[in-house]
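Results of the structural survey
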Protein chains: 4
Amino acid sequence: MKIGFIGLGHMGAPMALNLLKAGHTLSVFDLAETAMQTLADAGAQRAASPKAAASGAEWVVTMLPAAAHVRSVLTAKDGVLAGVAKGVTIIDSSTIDPASAREFAALAAAQGNAFVDAPVSGGTGGAAAGTLTFMVGGSAAAYESVKPVLSGMGRNIVHCGDTGTGQVAKICNNLVLGITMAGVAEAMALGESLGIDPKVLGGIMNTSTGRCWSSDTYNPFPGVIETAPSSRGYTGGFGTDLMLKDLGLATDAAKNVRQPAYMGALAQQLYQAMSSRGDGKLDFSAIIKLYRAQNE
Amino acid sequence: MKIGFIGLGHMGAPMALNLLKAGHTLSVFDLAETAMQTLADAGAQRAASPKAAASGAEWVVTMLPAAAHVRSVLTAKDGVLAGVAKGVTIIDSSTIDPASAREFAALAAAQGNAFVDAPVSGGTGGAAAGTLTFMVGGSAAAYESVKPVLSGMGRNIVHCGDTGTGQVAKICNNLVLGITMAGVAEAMALGESLGIDPKVLGGIMNTSTGRCWSSDTYNPFPGVIETAPSSRGYTGGFGTDLMLKDLGLATDAAKNVRQPAYMGALAQQLYQAMSSRGDGKLDFSAIIKLYRAQNE
Amino acid sequence: MKIGFIGLGHMGAPMALNLLKAGHTLSVFDLAETAMQTLADAGAQRAASPKAAASGAEWVVTMLPAAAHVRSVLTAKDGVLAGVAKGVTIIDSSTIDPASAREFAALAAAQGNAFVDAPVSGGTGGAAAGTLTFMVGGSAAAYESVKPVLSGMGRNIVHCGDTGTGQVAKICNNLVLGITMAGVAEAMALGESLGIDPKVLGGIMNTSTGRCWSSDTYNPFPGVIETAPSSRGYTGGFGTDLMLKDLGLATDAAKNVRQPAYMGALAQQLYQAMSSRGDGKLDFSAIIKLYRAQNE
Amino acid sequence: MKIGFIGLGHMGAPMALNLLKAGHTLSVFDLAETAMQTLADAGAQRAASPKAAASGAEWVVTMLPAAAHVRSVLTAKDGVLAGVAKGVTIIDSSTIDPASAREFAALAAAQGNAFVDAPVSGGTGGAAAGTLTFMVGGSAAAYESVKPVLSGMGRNIVHCGDTGTGQVAKICNNLVLGITMAGVAEAMALGESLGIDPKVLGGIMNTSTGRCWSSDTYNPFPGVIETAPSSRGYTGGFGTDLMLKDLGLATDAAKNVRQPAYMGALAQQLYQAMSSRGDGKLDFSAIIKLYRAQNE
C-alpha cells in the first residue's frame, strides 16, 4: 500500500522503517534532513511537504510531538488536508489531548476523510522491534480498516471506542503509571531508610498487593531489577520530560471535565521538580532521587 | 506444641482456629467473651489474662489492633512478659510501627525471650483459609524457629531481615497499595468522564504499564472485575479505616526518619475524607467515590 | 479622549461606564446585545466589530474572559489590529498568561502599536465603584501614558515592569490567595472539630502569624467576618470557577518555566472538587465545605 | 508569688528570668546544668526534681519540648503531681496536642489541681522581651487566676475556651502559617522565574488579596523585607524542624477527628524535604529553596 508518513523522530523513524520492511510504499516528510535521509536510504520517497506526502497516498500516518504540530501539519496551506484524496483515512499516532483528536476528526470528516487517533505504548524499543501497542479511537469500521497498516508497526492493536478514546486510554494509563512510579519510589526509599534490604522489599511487594509494573518490571531502586533503567544510571527508558508531558495532558483533560486529579497533579509537580533540577532527560524512575537525599 | 494466643479479633480468631486444626494446643485470651467462647468451643483453653495465656506456653502469638495494645499486653502486671518462660519466642502479628517492634524486642531480650515481628497480608479471607503471608523480622535463627508455627496459619513465610523489618515490609507495601488504589480510582473516573468504556480502559491498563493489583485484581470501578469489592457495593475487603491506619503508620515512620512522603500523605488525606463522610467501613477502593460525584 | 472598548461583561461593563462618567468618548463592542444596549443608553457609541471600535480611537481597552478571546479580538479580519491607527496604545485588562501577553505585544509592535497588559483586582464591586487596582506591564513610558485612562476606572495603577509582568503579578497574587484560602478553611474547620469557638480562633489568627486577607477580611467560616461571602451563603464575591481559572494560569505558567507548584496544584484540585460537585458559582471561600462534612 | 518552673530551654529560660524580674520567687528544674546555673545566678532556687520544684509553690509552670516530656514531668515518681499542694494551678506552656492537654487536666483535677494549657507565640525574641502571646485553655476562673502570672512573661493573654483550646488555637494558627509560607514561597519563586522584580511582586501582594504575615512581615525571598530571616541567610527565626513539629501536631489532630488536612499534610512533606536535605535548623521560610533550584 502507498502510505504518507509525517514525523520521523525517535518514534516515527523506526515506525516508518518497519512499514517499509512490511512491503509498503512510503512517501515521507520531516523538517529534519537527517531523518529524511535515513528513510530515503531505506527506500522511502522524499516529500517536500505534508501535502506532498499525502498526495496519492492510500493512508496517511502522523507521529508528532504535540497537538499544535498535528494541527499545523493537517491544516496548513501545504498540509495533509490540502493534499489527501477523499476517502483516505488519516491515522494520528501522536499523544495529544482527546478534545483535539475529536476536533481533527471533525475537520477531516468535513472533507470526506476518516481520522483515527492511535497513540502507542512501548517506547523507542517497541518502535524499533515493531512490538508497539496501538490504542485506536474511531468507528468499528475505521478500526478494522487501519489494522493492516498498524500491524506493520505493532503487535497489539486495541479498539478503545469512538474518536478520542485512543488518547483517553493512553493518558489514563500513563496517569496511573506516573502515580505508581512516584509511589513505589517513595516506598522503596522509605524502606531503605527504615533498614530493610531493597531487594527483599521489592520481592515482597511484587508478590503482594503493592505489585505493579513500576515495581516488578521497572523498579526505581538501583539493583532491584537488573534490566530496569535504575540499574544503569536512569539512562534510556521513558524520559522524565515525556512523563511530564503526559501528566500535563491528564490533568488538563481532568480540568476540562471539572474533575479533581489530586494524585496526578501532585505527581506532576514532583516530576517537574526533577526537570527543574536538570534531570528531565533521565528516565522517569529517577524520581526516587527526590526521596533519597540522605542516603545516596 | 503449646501456644499462648492473645487477640481474637477478625484476624486473630480464624488464625487461632487454624492453629488448633494444625494440632497445636492453645491457651487463649481476649477481652471479648464471644471470641473466647468461639475458641473454647473449638478446643482452646481459656486463660484469665495475657500472663496466664503465656504461662507454660512454648510459643506466644499476639494479634492486636495497635502498638499501644501490644505494649500493654506485653508489659502490664498480668502481661505476657510476666508469665512467659525464659527462652520462649514471642511472635507479634499485629501491624505496628517498626520502632515499637524494636523496642518490644529489646524488652523481651532483656528477660531472655526472642521477639519477632510477623505482620500479615491476605485479609480475613486469607486468615480463614490459612493462606496468609507472614513478613517476619528477626534473626535468621528466630525466623527458622517460628516457621513451623506460622505455617499453621499461612502459606508464605518471608524473612525480611532483622527485628522491625517485617513491619517495614508491611507498611511500605501498603503505602504503595494505598497510593496505587487512589491513582487507579482517579484514572478510571477520569476515563469515564472522557467517554471511554471503563471495562475497555481497565483491560488496556492491565496489559500495559499501568498494570497493578489495584487495577487488575481489585479495580475500584464497579463491574470491571467481578470478584472485587467494587462489584458488590464496596462491602467486605479491606476497610478504608484500616488503610488509613496503615498510611498513618507509613507517614509517621517517614516523619521519624525525616523523609518526605508526598504521595502517601496525600492519599492518607483522601481516605480521611472518605472516613469523614461516613464511609470508613467501606472497602478502601470506594475512594473512587471522591471522583465520581458527577457521574454516579 | 476617544476610547475603543471591547468586552462588556460583568467587569467590562461597569469599567466602561466609569470611563463615560470620567468624560471620555466611547466606541464599544460586545457580542451580547444587552450589554451593548446598556452602554449605548449611557452614551457610548455602538461599534459593529472590534475593528470598528478601534477605528479612530486614541486608546483601545479590551476586557475578555481568556487569551483565546483576546487573540481573536486582536487578530481576526475584523479585529482591533485591522482597525487601529498607528501609534495608538492597546490596553488589555483581561487576566491571561504572561506568554500570550508578550506575544500580543509583539504583534502590536510589528504594526506600530504599544500594548500593555493591565489586569485588575478588586472584583465587580471595585469595577462598579471605580476602585480597581491595575497591575501594568509595559515600558515606563507606556505606563505613564496609560495612567490617565486607567485612573478613570481604578484607584491604584501599579507599574509591575516590562510587558507581561502585570499578568505575572496578578497570577502570583491569586496563587497565594487560592492557597491561603484553602489553608484557612482547613484550619478553621479543624479548630471547629477540635472544640474551639470559630470566632475566637479567627480573632487569634488575625492578631498572630496566621494573619492574612483570607482570614481577617474574607474568613470562610460563617459568622466570623460579617461582611464576608461566608456570612451570606457564599453568594457574591469571587466565584470558585474564576479562582480555578487563575490557579490554572498559575500552574500552567509554572509548567512552562519547569518549576514545581505543589501547593497551587493541590489547591487547584480542591477547587475543582468544588466545581465538580456543582459549587463552581459559589464564592471560592466555600471551599471550607470540603472540610466540614461532619459538622454542617 | 512562689512559682515552680520546670523546663529552662531556649524559651523557658528567658520566660523564667522575666518572672524573677517581675518579683516572683522561683524554684526551678531542668536536666541541663548550664540552664540551672543561669537561673540560679539570677536568683532562682535550684530544685532537685520536678517534685521538689512544685513543693511549696503557689503556681507551677512547665515549658517542655513535647507531650511525652510533660507526661513524665507530671506523673513520674518525683514529678510535679507528687509534690504539688492541693489547689495549686499548673500552667503548661509547652506546645502539645489538645488531647494530651485534656488528659493532663483530668489527672490534675483528680488530685485537686487545676491545669491550664497556655502555649505561646512570639518566639525566643518575644520570650526575652516579655512580649509573648499566651493562648489559654481552661475555665474562665482559671484564666482569670493565671493572668497575673502570665503577664509577667507576655503581653497578650487570650482566653481560648475550655481546656485544650489553647493548644487548638496554637496548632491551627501554625497550620495556617506553615501553609501560607509555602504558598508565598511558591509564588515568589514563580514570579522570579516569570521575570517580575521580587520586591515589586512583594509590594503588590502586600496591598492586595495575597497579603499575609508570611508575605508582608516574613517574606521568604531575600531582600524583600530587610528584617526577615530571608534577608540574613535564613538564620534566627522559627526553625524548620519546629514548624515540622507543629504541622505534625496539626495533621495528627486532624487524623484523630477524621478530618482531611490536604494542604497541611503537603506543606508538612515539603518542610520534611528541607529537613531531609539538612536544612532543618534554618528558618522555615527557607522552604523557598525547594523552588529556586534553577535561579540561585
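Residues numbered from 1 in each chain as written. Chains lettered and ligands numbered in written order. Predicted model: local features only at pLDDT ≥ 70, side-chain atom pairs only at ≥ 80, totals over all residues. Heavy atoms only, no water.

Here the focus is the relation of the copies chain C and chain A. Each copy superposes on the other: chain C lies on chain A with an RMSD of 0.0 Å after a rotation of 180° and an axial shift of 0.0 Å. Both chain copies can therefore be described as sitting about a two-fold axis. The position closest to the rotation axis in chain C is occupied by the C-alpha of Ala265(C), lying 3.0 Å away. A symmetric contact is evident, with 100% of the interface residues of chain C recurring at the interface of chain A. (Least-squares fit on C-alpha atoms with pLDDT ≥ 70 in both. Contact = heavy atoms within 4.5 Å.)

Taken residue by residue, the interface counts 20 residues in chain C and 20 residues in chain A. In this assembly, chain C packs against chain A so that about 1,600 Å² is buried in total across both faces, 55% of it on carbon and sulfur atoms. Counting every contact that joins chain C to chain A gives four salt bridges. Ionic pairing is found between Lys255(C) and Asp252(A), a salt bridge with its closest N-O pair at 3.6 Å. Where chain C packs against chain A, one counts six residue pairs in polar contact (both at pLDDT 80 or more). Among the elements of the structure, helix H12 (240-256) and helix H13 (262-276) of chain C are those that each provide at least two residues to the side of chain C that touches chain A. With 10 residues, the single largest contributor to the side of chain C that touches chain A is H13(C). The residue makeup of the side of chain C that touches chain A, split by class, is nine nonpolar, seven polar and four charged. (Buried area = accessible area lost by both parts, 1.4 Å probe. Salt bridge = Lys/Arg side-chain N within 4 Å of Asp/Glu carboxyl O. Polar contact = N/O pair within 3.5 Å; in protein donor to acceptor, adjacent residues only side chain to side chain. Helix = DSSP H or I, 4+ residues; strand = E, 2+ residues; numbered from the N terminus. Nonpolar A, V, L, I, M, F, W, Y, C, P; charged D, E, K, R; others polar.)

Let us now look at helix H4 (residues 67-75) of chain A. Among the residues of H4(A), those classed as buried are Ala67(A), Val70(A), Val73(A) and Leu74(A). Angular distribution of buried residues about the axis of H4(A) spans 125°; they occupy a single face of the element. (Buried < 20%, exposed > 50% of the residue type's maximum accessible area, 1.4 Å probe, protein only. Arc of directions from axis to C-beta.)

Overall, the coordinates contain 39 salt bridges over all chains when judged by the stated rule. With a shortest N-O distance of 2.8 Å, Arg46(C) and Glu33(C) are connected by a salt bridge. In this pair, Arg46(C) is assigned in strand S3 (residues 45-46) and Glu33(C) in helix H2 (residues 33-41), connecting sequence segments 13 residues apart. In this structure Arg46(C) comes out as partly exposed when scored by relative accessible area, which is 39%. With a shortest N-O distance of 2.9 Å, Glu192(D) and Arg292(D) are connected by a salt bridge. Of the two residues, Glu192(D) sits in helix H9 (residues 165-194) while Arg292(D) sits in the segment after helix H13 (262-276), which places them 100 residues apart along the sequence. For Glu192(D), a relative accessible area of 21% translates into the label partly exposed.

All right, on to the environment of Gly191(B) then. Tracing the backbone shows Gly191(B) in helix H9 (residues 165-194). Residue Gly191(B) is classed as buried on the basis of its relative accessible area of 0%. With residues up to four places along the chain from it excluded, the contact list for Gly191(B) reads Val168(A), Cys172(A), Ile196(B) and Leu201(B).

With the rule as written, the count across this model stands at 26 aromatic pairs over all chains. Between Phe104(D) and Phe115(D), the aromatic rings sit 6.2 Å apart at their centres with planes inclined by 70°, giving edge-to-face as the arrangement. Residue Phe104(D) is located in helix H6 (residues 98-110), and its partner Phe115(D) is located in strand S6 (residues 115-117); the two are separated by 11 residues in the primary sequence. Geometrically, the ring pair formed by Tyr271(D) and Phe284(D) is tilted, given 6.2 Å between the ring centres and 40° between the ring planes. In this pair, Tyr271(D) is assigned in helix H13 and Phe284(D) in the segment after H13, connecting sequence segments 13 residues apart. Each member of the pair, Tyr271(D) as well as Phe284(D), is classed as buried. Through pairs of rings, three or more aromatic residues link up here, namely Trp213(A), Tyr218(A), Phe238(A), Tyr271(A) and Phe284(A). (Phe/Tyr/Trp six-rings, centres within 6.5 Å; stacked < 30°, edge-to-face > 60°.)

The positions UniProt marks with the feature "domain: 3-hydroxyisobutyrate dehydrogenase-like NAD-binding" (unreviewed entry) are residues 164-291 of chain A. Counting secondary structure, residues 164-291 of chain A comes out at 58% helix and 0% strand; the distance between its end C-alpha atoms is 36 Å. (UniProt positions renumbered as here; feature names shortened; annotations may be inferred.)

This part is about the pairing of strand S4 (residues 59-62) of chain B. Residues and elements named next belong to chain B. Alternating positions in S4 separate into two faces, Trp59 and Val61 on one and Val60 and Thr62 on the other, with burial throughout. Pairing of strand S1 (residues 2-6) with S4, which is carried by four bridges, proceeds in the parallel orientation. Residue pairing in the sheet places Ile6 in a bridge with Thr62 of S4. Note: S4 against strand S5 (residues 89-92), four bridges, orientation parallel. Within S5, the position partnered with Thr62 by the bridge is Asp92. (Pairing = 2+ DSSP bridges.)

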